[in-house]
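So you can see what is in the structure, the chains are spelled out below.
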Amino acid sequence: MMKGKDGFDENDSFWSLDSMLPPKSKGADSAPTAKKNDVSVAEIDIPGELKPKGEPIPTMKYPPITSAPKKALSFDAWLSQRREVEKTRYTAGKELLLSYEPENPLIKSVRISADKNRRPTSERFITDGMRYARAEGSFEENVTFDSIYPQYAGLTEKQRQCFIGFRTEVKNGRFPQIDRAYIYLLLYEIINLTEIYSPAERADLISSLIAGYPKCEERLFADMCNWLCDVCLIYRLPVPERIYGDCYQRVLKMASVKEFYMHRPESGAENRMISVLFTAGRYNYKMSKYYPQFREYYDKHIETSCCAALKLVSEKNALISDYEKDVCTLTHESYFGALCTNAVRRTVEIECYCLTRSESVKNLVTNIVKYSENCLRSRLGIKQRMTVNTLSLEIKNLLKQYYLENMPSLNVGSKPRRKKDIRELNEIPEYERLYEPVSHGLDLSSAAEIERSSWGITERLVTAFDDAERSFVATETALAREEIGNAENTVETPNLSPAVTDGLRALLSENISLFNEIAKKNNMLPSAFADKINEELFDMIGDSVIENDGFEIRLSEFYREDVEDIVN
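Residues numbered from 1 in each chain as written. Predicted model: local features only at pLDDT ≥ 70, side-chain atom pairs only at ≥ 80, totals over all residues. Heavy atoms only, no water.

J.: Talk me through the overall build of the chain; I want residue IDs and the actual numbers.
T.: From N to C terminus, the chain includes 21 helices and 6 strands. Taken across its 568 residues, the chain has 34% of its residues classed as buried. For the chain, restricting intrachain contacts to residue pairs at least 6 apart in sequence, the fraction spanning at least 24 positions comes to 66%. In the form shown here, the chain has an accessible surface area of approximately 38200 Å², with 53% of it arising from carbon and sulfur atoms. (Helix = DSSP H or I, 4+ residues; strand = E, 2+ residues; numbered from the N terminus. Buried < 20%, exposed > 50% of the residue type's maximum accessible area, 1.4 Å probe, protein only. Contact = heavy atoms within 4.5 Å. Areas by Shrake-Rupley, 256 points an atom, 1.4 Å probe, with all protein chains shown as cover.)

J.: An account of the pairing of strand 2 (residues 107–115) is needed here, citing residue identities and associated values.
T.: Regular strands place their side chains on alternate faces of the sheet. Bridge count between strand 1 (residues 94–100) and strand 2: 6 bridges; the pairing is antiparallel. Bridging from a neighbouring strand, Tyr100 pairs with Val110 of strand 2. Hairpin connection of strand 1 to strand 2: 6 residues between the antiparallel strands. Of the pairings in the sheet, the one linking strand 2 to strand 4 (residues 347–353) comprises 6 bridges and is antiparallel in character. (Pairing = 2+ DSSP bridges.)

J.: An account of the nonpolar core is needed here, citing residue identities and associated values.
T.: Among the nonpolar cores identified, the biggest contains 72 residues, and Phe166, Ile210 and Tyr261 are the most heavily contacted of them. Here the element with the most residues in this core is helix 6 (residues 218–234); it accounts for 12 residues. Those residues in contact with Ile210, other than ones at most four positions away along the chain, are Phe221, Met224, Cys225, Leu228, Ile243, Cys247 and Val251. Ala280, Tyr298, Val361 and Leu364 belong to the second-largest nonpolar core, a separate cluster that totals 29 residues. (Core = buried A, V, L, I, M, F, W, Y, C linked by side-chain atoms within 4.5 Å.)

J.: Tell me about helix 12 (residues 359–380), and please be specific about residues and values.
T.: Taking 1.5 Å as the rise per residue, helix 12 with 22 residues should run 32 Å; its terminal C-alpha atoms sit 32 Å apart, in good agreement. Here helix 12 lies mainly inside the structure; 17 of its 22 residues are buried. At the exit of helix 12 stands Gly381, carrying a positive phi of roughly 85°. (Expected span 1.5 Å × (residues − 1).)

J.: Tell me about the sheet that holds strand 3 (residues 327–333), and name the residues and values.
T.: Taken in spatial order, the 4 strands of this open sheet run 1-2-4-3, and their pairing is antiparallel. The open sheet has two edge strands with one neighbour each: strand 1 and strand 3. Each neighbouring strand pair of the sheet contributes to a mean axis angle of 20°, computed without reference to strand direction. Packed on one face of the sheet, helix 6 meets strand 1, strand 2, strand 3 and strand 4 and runs near 90° to strand 4. (Axes fitted to C-alpha atoms, helices over the stretch in contact; angles between N-to-C directions.)

J.: Please give an account of the packing of aromatic side chains that cites residues and values.
T.: Evaluated as defined, the whole model comprises 15 aromatic pairs. Over the ring of Tyr283 we find Lys370, and its NZ or CZ is 5.9 Å from the ring centre. (Phe/Tyr/Trp six-rings, centres within 6.5 Å; stacked < 30°, edge-to-face > 60°. Lys NZ or Arg CZ within 6 Å of the ring centre and 35° of its normal.)

J.: Can you explain the environment of Gly245? Please cite residues and give values.
T.: Considering the arrangement of structural elements, one finds Gly245 in the loop between helix 6 and helix 7 (248–254). A relative accessible area of 37% places Gly245 in the partly exposed class. Expressed as a C-alpha distance, the spacing of Gly245 and Ala211, which sit 34 residues apart in the sequence, is 7.8 Å.

Structure (structure tokens):
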């Protein structure tokens with residue numbers, strides 16, 4: 001045993017700390033290490049079993065999938081197929097009640113059907129209506145009543161008496177001012193009480209309400225027009241005659257099926273032309289900024305001239321051929337939006353000519369109305385005009401001739417003065433009123449005397465000079481007199497280039513192709529050539545004579561006569 005310098009044994013357990021630690025318990029550290037679970041597939045050999053030899057998996061060969069090429073349907077074939085599918089889906093469970101061809105040439109056929117599985121609705125409205133339907137009373141004043149779907153059960157005693165008096169007034173042809181809820185309640189009564197009102201009485205009462213309240217709110221007026229149409233179509237009734245009165249234009253505007261109201265056998269084609277004018281066009285001349293100022297001329301001439309133009313188109317079968325190409329089917333539930341029982345509700349299917357829905361007819365009517373207003377503005381002296389895209393020369397000449405024969409040329413279209421300018425003109429300063437020159441009127445003899453005396457003074461001044469100066473001044477005076485006389489007798493004639501003259505003649509004859517050829521010969525685009533013509537004529541006319549909207553180059557109708565005088 002070795003000892004250190006200090007006499008201690010270096011291998012002594014004094015320096016070991018293990019004895020100072022607590023004894024370890026037998027736990028996980030002392031247990032033998034567990035083997036990890038093996039999850040791989042084990043291959044087990046069974047004695048006596050023969051292992052199969054490896055064979056390749058046979059490849060399955062299938063014939064290629066082919067399909068017959070489908071023929072692309074045309075738009076018309078697809079549309080007819082689609083309509084049939086929609087018709088079958090919509091009319092499923094419907095029972096056809098009536099099918100007929102009306103006398104209206106714009107409607108081909110009408111089909112009326114009802115729901116086979118319709119269930120009875122609440123009979124409360126029918127019961128209350130039968131109780132009060134035959135009651136009569138006097139109307140004294142309007143009792144406030146506001147309801148979205150008014151019914152008898154929601155009326156107070158005063159409101160009930162007011163309604164009974166109002167209904168009595170309507171049946172006697174009088175239409176007092178009253179809340180719209182009472183009118184709707186009367187309409188619901190007319191529609192549902194089939195035991196009280198016959199079909200003819202229903203149509204007569206609804207039409208009387210339309211004529212009696214022509215300025216009611218739009219929703220109420222449109223509902224009355226549409227429900228009257230349903231009553232007449234379901235029971236094969238004609239349009240009541242009173243509809244063609246003062247309310248006719250608004251009926252055409254608000255009705256959903258306009259073709260039903262457009263036919264009037266007594267008036268022939270004239271009434272239909274007016275109908276097309278108010279329903280097909282996109283432009284309403286009454287919205288023009290000049291209409292309030294010249295209302296009398298607008299109302300008197302535009303409708304008449306446009307009807308003459310449409311009549312000309314109709315005589316050539318152009319209008320007929322346009323709308324006969326477009327046939328549409330309109331299907332709707334009758335009395336839409338009304339408080340209506342299933343006992344009277346029907347499905348109405350109308351096959352009609354889409355006269356007011358044809359784009360060609362819309363464009364034609366719009367251009368006719370605009371061109372007619374342009375002619376009217378020309379006669380009034382208004383320079384601002386509207387653009388007319390396409391219109392035949394024959395129709396333009398007809399409208400021009402109408403205004404030349406029926407309306408005198410009036411220069412009343414000058415811009416009115418502002419109130420400020422008028423006030424300034426009336427406010428004359430004080431010194432101008434004190435020293436205002438006295439006017440004796442125009443006297444031609446006095447003017448001639450002044451001129452003679454002036455020439456006498458000139459001759460006296462001339463004689464005061466020597467011979468050389470006298471001859472010089474006399475010569476200058478004679479030349480001055482000659483220049484003054486030539487200036488009075490000379491008319492300024494435009495000096496236009498041959499290309500500009502030919503271009504103007506092409507536009508006067510409305511030969512746009514010739515105008516384009518002339519521009520091409522002069523190495524110019526048509527638009528640049530038109531700008532050049534406007535520049536050359538601006539000093540003489542003071543305005544652009546050629547209009548160019550980016551699509552069409554045309555000669556302004558307002559300056560046609562001036563251009564003809566210049567060219568000729």
